[in-house]
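Residue-level listing of the chains:
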Number of protein chains: 2
Amino acid sequence: MASIHDVAKEAGVSVATVSKVINHYPDVSEKTRKKVKNAIELLRYRPNVIARGLVTGRSWTVGVLINIPFTNPYVAMLLEGIKTALENSGYDLMRLSARLNDPEYSFVNHCQSRNLDGVVVFGVDKDHLSIQELIESGIPTMFVDTDATGLRAGNITTDNRNGAHMSVRHLAQLGHRRIAYLAGTPGHEVNESRLAGYRDGLEASSIPYRKEYIMSGDYSYDSGFQGMKMLLELDEPPTAVICISDMAAFGVIHAIETHGLNVPGDISVVGFDNIYEAELFKPALTTINQNIHTIGVKLIEELISMIKNPDYPPPVVTEPSSLIIRESTAKCREFGE
Amino acid sequence: MASIHDVAKEAGVSVATVSKVINHYPDVSEKTRKKVKNAIELLRYRPNVIARGLVTGRSWTVGVLINIPFTNPYVAMLLEGIKTALENSGYDLMRLSARLNDPEYSFVNHCQSRNLDGVVVFGVDKDHLSIQELIESGIPTMFVDTDATGLRAGNITTDNRNGAHMSVRHLAQLGHRRIAYLAGTPGHEVNESRLAGYRDGLEASSIPYRKEYIMSGDYSYDSGFQGMKMLLELDEPPTAVICISDMAAFGVIHAIETHGLNVPGDISVVGFDNIYEAELFKPALTTINQNIHTIGVKLIEELISMIKNPDYPPPVVTEPSSLIIRESTAKCREFGE
DNA sequence: CTGAAAGCGCTTACAG
DNA sequence: CTGAAAGCGCTTACAG
């Protein structure tokens, strides 16, 4: 590909001058600007972003560290939002093949070695060594669903607490009192916030908290299935269950049906996320909507603001959640009585 | 971050020598190698990939141009395979924010400006200007589901033709003779291959081809829903329908049920792709499995081979497909009789 | 075995 | 308004 030297030669000027017209410096005569522009056109010249980055220190690249499969619908929607926001920004997105389990590996070094302008992190534990190092590095960073912050690090998350609260209230209004919570991984911020919201909801409806109604899981279909099987073996099984994710809810429903019971006839089920499939599933899933696409878009907008302005305060944004009522919840009618 | 100069100073050697130990040149004395290694350790130095790339011409970056939403399960699985294959290769993946509709924009320039070592293209029309330019550029390229090739460009795809053929045979064995094809976009290679397989299947079972049984669509849920509604209005509606994708099949089933008919009682439905949801759907979907994850892995392996060896012949690989029989197909029993 | 020098493709003071 | 020169962080012949 033609280099800036080729253009300079073609136009009969110096490379410095070519550089100035590329970068829209005002102090270039109209005449030489024309000459240079013609040469650029003729040679189909495009500046090499890499070389430019070496001197300006900017790569026009945003890195992403996502430690969750792309096949996870939540991840897919997030990436779609990120992609949308990036579209005409001039930035490209780089997925880093991070070897987080290799003690020799440093995520920060990886980012610096690639000159990344900013980075988004999703699905990595807040107190992972790499994350601490990242925060201290001063690389503009946005965390998703992790309440980490730093001088140049902000985060964004859904209002998980209120989401779970709404689920409980909805079920309580339908007459449910035995409401289980099929949870995520203990310690995960998302899980803890929703657990808090669940307890808020119980309290608001004067329903006592029962430890045996809490099942830990890992957000997957399978963990929903397994957890529900255990709940069904309780002396007093729940009449409703709130799930940490829609995928887990699908597993829960499958377990209930396998057990010969019906959703929502015997047991009501609420999901979390409102993934595309929630609507197609039978019964269509009552769930908490997260504006994941919006989160993806906003997170990039904020990140770019941080990149462009060193004084931009690291944002902490909470995106509202909402209850979507479909077919998987109904009036409580105690089964087996 | 520490540069090679810092390391050289710390170790008391030249930058050339540091470079040699980094790159495992043999002609360095054990003693200075030690000194340098210590300095590297001390300063936590990592070579700057960008700067290195400027001189070696390699960026250790693979670009990806995907013109389909990440939320498409097929895309997600493909990316997951790509990710897996990239994991310990030293390459990172860059998603290019390509402005394909901007006439000023050149995809090849974009790749060159970023020094990409190779690129994978999915979901872009074969005769898009950018694609032609790309093939001619000599940048190592792998196309997915597009039969483009070039001096440095190969492709990979599922055996679509045989997949569709198997679907028809399966339905014919169940006694179906009125088999519709809810197709994709006319002109798309994937669509044409499957249409050919569909006709192969009809022929093998001596079923005449009926033009009114072909419905074009765009692979989406909605196009399945709309297409099926039209098929149901035919004087002689089909008793079975083969779909271009699982998502379209879900739409088809929804249309059938909305019409008051049952799947598979009244009409059998076969999908294509075998996405994760196919198994969870009710009725669980009979479909053609594509080894999408494997395609993602192989495609990167081939691409890296092409990158590393200029003489590596551009591969054209066809991944086998297979029929997965579930609950959405059953013996033909003509309804409305 | 070691290092000085040129160069990858750019930008940025600075001198004229 | 224009351009020579230094430099971003590396690698690679080449001389010693």
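What counts as what
- Residues numbered from 1 in each chain as written.
- Chains lettered and ligands numbered in written order.
- Predicted model: local features only at pLDDT ≥ 70, side-chain atom pairs only at ≥ 80, totals over all residues.
- Heavy atoms only, no water.
- Core = buried A, V, L, I, M, F, W, Y, C linked by side-chain atoms within 4.5 Å.
- Buried < 20%, exposed > 50% of the residue type's maximum accessible area, 1.4 Å probe, protein only.
- Contact = heavy atoms within 4.5 Å.
- Near = heavy atom within 4 Å.
- Polar contact = N/O pair within 3.5 Å; in protein donor to acceptor, adjacent residues only side chain to side chain.
- Helix = DSSP H or I, 4+ residues; strand = E, 2+ residues; numbered from the N terminus.
- Nonpolar A, V, L, I, M, F, W, Y, C, P; charged D, E, K, R; others polar.
- UniProt positions renumbered as here; feature names shortened; annotations may be inferred.
- Least-squares fit on C-alpha atoms with pLDDT ≥ 70 in both.
- Axes fitted to C-alpha atoms, helices over the stretch in contact; angles between N-to-C directions.
- Parallel < 35°, antiparallel > 145°, perpendicular 65-115°, else oblique.
- Salt bridge = Lys/Arg side-chain N within 4 Å of Asp/Glu carboxyl O.
- Pairing = 2+ DSSP bridges.
- Buried area = accessible area lost by both parts, 1.4 Å probe.
- Patch = residues over 30% accessible without salt bridge, like charges linked within 9 Å, V, L, I, M, F, W, Y side chains within 5 Å.
- Areas by Shrake-Rupley, 256 points an atom, 1.4 Å probe, with all protein chains shown as cover.

S.K.: Outline the nonpolar core, listing residues and values.
M.R.: If you look at the biggest cluster of nonpolar residues, it comprises 54 residues, and the most contacted ones within it are Ile82(A) and Ile82(B). When near neighbours in sequence (up to four residues on either side) are disregarded, Ile82(A) contacts Leu93(A), Val120(A), Gly296(A), Val297(A), Leu299(A) and Ile300(A). Of all hydrophobic cores here, the second largest spans 43 residues; its members include Val241(B), Ile256(B), Ile267(B) and Ala278(B).

S.K.: Let's hear about the protein's contact with DNA strand C: which residues, and what values?
M.R.: Lining the immediate surroundings of DNA strand C are 26 residues, of which Ile4(A), Ser19(A), Tyr25(A), Lys20(B) and Thr32(B) lie closest. Ser19(A) is positioned such that a nitrogen or oxygen atom in its side chain is 2.6 Å from a phosphate oxygen of DNA strand C. Arg52(A) places a polar side-chain atom, nitrogen or oxygen, 2.8 Å from a phosphate oxygen of DNA strand C. Those elements that provide at least two residues to the surface near DNA strand C are α2 (15-22) and α4 (49-56) of chain A together with α2 (15-22) and α4 (49-56) of chain B. Looking at the surface near DNA strand C residue by residue, the class counts come to 13 nonpolar, nine polar and four charged.

S.K.: If you had to explain the UniProt feature "domain: HTH lacI-type" (unreviewed entry) in chain A to someone new, which residues and values would you point to?
M.R.: Sites flagged by UniProt as "domain: HTH lacI-type" (unreviewed entry) map to residues 2-56 of chain A. With 69% helix and 0% strand, residues 2-56 of chain A has its two end C-alpha atoms placed 21 Å apart.

S.K.: Which residues make up the relation of the copies chain A and chain B, and what values do they have?
M.R.: Note on the identical chains: chain A maps onto chain B by a rotation of 180° and an axial translation of 0.0 Å, with an RMSD of 0.0 Å. The superposition of one copy onto the other is thereby described by a two-fold rotation axis. Taking C-alpha positions as reference, the residue of chain A nearest the rotation axis is Met94(A), located at 2.1 Å. Most of the interface of chain A is mirrored in chain B: 100% of its interface residues are interface residues there too.

S.K.: Run through the packing of α2(B) against helix α3 (residues 30-43) of chain B, naming residues and quoting values.
M.R.: Residue and element names in this part refer to chain B. Where α2 contacts α3, the two axes come as close as 10 Å, and the packing angle between them is 85°. Classified by the angle between their axes, α2 and α3 sit roughly perpendicular to one another. Each of Val18, Val21 and Ile22 in α2 lies in contact with α3, whose residues at this interface are Arg33, Val36, Lys37 and Ile40. In terms of residue class, the contact of α2 with α3 is made up of five nonpolar, no polar and two charged.

S.K.: Explain the pattern of salt bridges to me, and be specific about the residues and the numbers.
M.R.: Throughout the structure, instances matching the rule amount to 26 salt bridges over all chains. Linking Glu87(B) and Arg95(A) is a salt bridge whose minimum nitrogen-to-oxygen distance equals 3.3 Å. Linking Glu87(B) in the loop between α5 (73-86) and β2 (92-95) with Arg95(A) in strand β2 (residues 92-95), this pair reaches from one chain into another. On the basis of relative accessible area, Glu87(B) is assigned to the partly exposed category, the value being 23%. Between Glu257(B) and Lys282(A) there is a salt bridge, and its shortest N-O distance comes to 2.9 Å.

S.K.: For the sheet that holds β2(B), give the residues involved together with the corresponding values.
M.R.: Taken together, twelve strands build an open sheet; the order of strands is β11(A)-β5(A)-β4(A)-β3(A)-β1(A)-β2(A)-β2(B)-β1(B)-β3(B)-β4(B)-β5(B)-β11(B) and the sheet is mixed. Edge positions in the sheet fall to β11 (316-319) of chain A together with β11 (316-319) of chain B, since each of these pairs with one other strand and no more. Neighbour-to-neighbour, the strand axes of this sheet turn through a mean angle of 20°, independent of strand direction. As paired elements, strand β1 (residues 61-66) of chain A and β2(A) share four bridges and run parallel to each other. Paired with Val62(A) across the bridge in β2(A) is Leu93(A). In the packing of helix α7 (residues 129-137) of chain B onto the sheet, contacts are made with β3 (118-122) and β4 (141-144) of chain B, and the angle to β4(B) comes to roughly 145°.

S.K.: Account for the interface of chain A and chain B, naming residues and giving values.
M.R.: In this complex, chain A contributes 53 residues to the contact, which on the side of chain B involves 53 residues. When chain A packs against chain B, close to 4,600 Å² is buried across both sides, 52% of that on carbon and sulfur atoms. Where chain A packs against chain B, one counts eight salt bridges. A salt bridge links Arg44(B) to Glu133(A); the nearest nitrogen and oxygen atoms lie 3.2 Å apart. Inspection of the region where chain A meets chain B yields 29 residue pairs in polar contact (both at pLDDT 80 or more). Considering each element in turn, the side of chain A that touches chain B owes the most residues, six residues, to helix α5 (residues 73-86) of chain A. Of the residues contributing to the side of chain A that touches chain B, the split by class is 26 nonpolar, 13 polar and 14 charged. Pairing of β2(A) with β2(B), which is carried by three bridges, proceeds in the antiparallel orientation. Within the sheet, the bridge partner assigned to Leu93(A) lies in β2(B) and is Arg95(B).

S.K.: Hey, could you go over the side chain of Arg33(A) for me, with residue numbers and the actual values?
M.R.: Residue and element names in this part refer to chain A. Take Arg33: it is sitting in helix α3 (residues 30-43). Arg33 gets classed as buried once you look at its relative accessible area, which sits at 15%. For Arg33, the side chain forms a polar contact with the main-chain oxygen of Tyr25, separated by 3.1 Å. Ignoring sequence-local partners within four residues, the contact set of Arg33 consists of Val21, Tyr25, Pro26 and Val28.

S.K.: An account of a nonpolar patch on the surface is requested, with residue identities and associated values reported.
M.R.: Residues Leu54(A), Val55(A), Leu54(B) and Val55(B) make up a contiguous nonpolar surface patch of about 390 Å² in total accessible area. Elements supplying a minimum of two residues to the nonpolar patch: α4 of chain A together with α4 of chain B.

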